[in-house]
Amino acid sequence: MTRRELLERCLCFPDVYEDQPFEDPNWTAVRRCANRRCYALVFERDGKLCLNLKCEPMQAQFWRQVYPQVAPGYHMNKTHWNTVTLNAGLDDDALDGMIAHSYDLTAPKERKRR
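Residues numbered from 1 in each chain as written. Predicted model: local features only at pLDDT ≥ 70, side-chain atom pairs only at ≥ 80, totals over all residues. Heavy atoms only, no water.

In the nomenclature of an unreviewed UniProt entry, the protein corresponds to MmcQ/YjbR family DNA-binding protein from the organism Anaerotruncus colihominis DSM 17241.

Next up, the structure:
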């Protein structure tokens, strides 16, 4: 999978956009339009394509135990973020599920009515 293909996979959700928030062009963020929250960060590390995804803590631990391609988030909160190494044998359905999970977790909070 190429970097562009991975970004397209992350951009398939409604109301999202691609951003370059850092001076380092190696890092590309995918954010929600409504709240500007980032749910995916694409980067290369040690010559490998990687993806940081937000994750519920128990689910993060589960995926780290099941998939050797998943590790605690690189440069992120290790409890709430995972780093997925691409092109290392992870099946597409698992990857798509992880991306969708991250997208869902970054949804705008509903305001409480008085």
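Now, onward.
S.K.: It is not clear to me how the state of the cysteines should be interpreted in this structure. Could you clarify?
M.R.: With the rule as written, the count across this model stands at 0 disulfides. In this structure Cys10 is a free cysteine whose sulfur lies 7.8 Å from that of Cys12, the closest cysteine sulfur available. A residue is classified by how much of its surface remains accessible, and Cys10, at 0% relative accessible area, is buried. (Disulfide = S-S within 2.5 Å. Buried < 20%, exposed > 50% of the residue type's maximum accessible area, 1.4 Å probe, protein only.)

S.K.: Whenever I open this one, helix 1 (residues 3-10) confuses me. Can you help?
M.R.: For helix 1, the set of buried residues is Arg3, Leu6, Leu7 and Cys10. Viewed along the axis of helix 1, the buried residues span an arc of 100°, placing them on a single side of the element. (Helix = DSSP H or I, 4+ residues; strand = E, 2+ residues; numbered from the N terminus. Arc of directions from axis to C-beta.)

S.K.: What's the story with the sheet that holds strand 2 (residues 28-32) in this structure? I'm lost.
M.R.: Backbone-to-backbone hydrogen bonds pair the strands of a sheet. The strands run either parallel or antiparallel. Reading across from one edge, 1-2-3-4-6-5 is the order of the 6 strands in this open sheet, with antiparallel pairing throughout. With partners counted over all chains shown, the strands left at the sheet margins are strand 1 (16-19) and strand 5 (70-72), one partner each. Shown here is a sheet whose adjacent strand axes are inclined to one another by a mean of 25°, direction ignored. Across 3 bridges, strand 5 lies against strand 6 (residues 81-85) in antiparallel orientation. In the strand pairing of strand 6, Ala71 is matched with Thr83. Of the strands in this sheet, strand 1, strand 2, strand 3 (38-45) and strand 4 (48-54) are in contact with helix 1, which crosses strand 3 at around 170°. (Pairing = 2+ DSSP bridges. Axes fitted to C-alpha atoms, helices over the stretch in contact; angles between N-to-C directions. Contact = heavy atoms within 4.5 Å.)

S.K.: Can you walk me through the packing of aromatic side chains in this structure?
M.R.: Between two aromatic rings, the relevant description is the distance of the centres plus the angle of the planes. Following the criterion strictly, the structure yields 7 aromatic pairs and no others. Relative to Tyr39, the ring of Phe13 has its centre 6.1 Å away and its plane inclined at 90°; by these criteria the two rings are edge-to-face. Pair noted here: Phe13 is in the loop between helix 1 and strand 1 and Tyr39 is in strand 3, with a separation of 26 residues, a long-range link. Each member of the pair, Phe13 together with Tyr39, is buried. For the ring pair Phe43 and Tyr74, a centre distance of 5.6 Å and an interplane angle of 25° mean the geometry is stacked. Taken together, the residues span a long stretch of sequence, with Phe43 in strand 3 and Tyr74 in the loop between strand 5 and strand 6 at a distance of 31 residues. (Phe/Tyr/Trp six-rings, centres within 6.5 Å; stacked < 30°, edge-to-face > 60°.)

S.K.: What's the story with the pairing of strand 2 in this structure? I'm lost.
M.R.: Regular strands have side chains that alternate between both faces of the sheet. In terms of burial, strand 2 is largely enclosed, as 5 of its 5 residues are buried. Across the two faces of strand 2 the burial is the same, with Thr28, Val30 and Arg32 and Ala29 and Arg31 all buried. Where strand 1 lies against strand 2, 4 bridges are found, and the strand directions are antiparallel. The partner of Glu18 across the bridge, within strand 2, is Val30. Hairpin connection between strand 2 and strand 3: a loop of 5 residues separates the two successive antiparallel strands, and Arg36 in this loop has a positive phi of roughly 60°.

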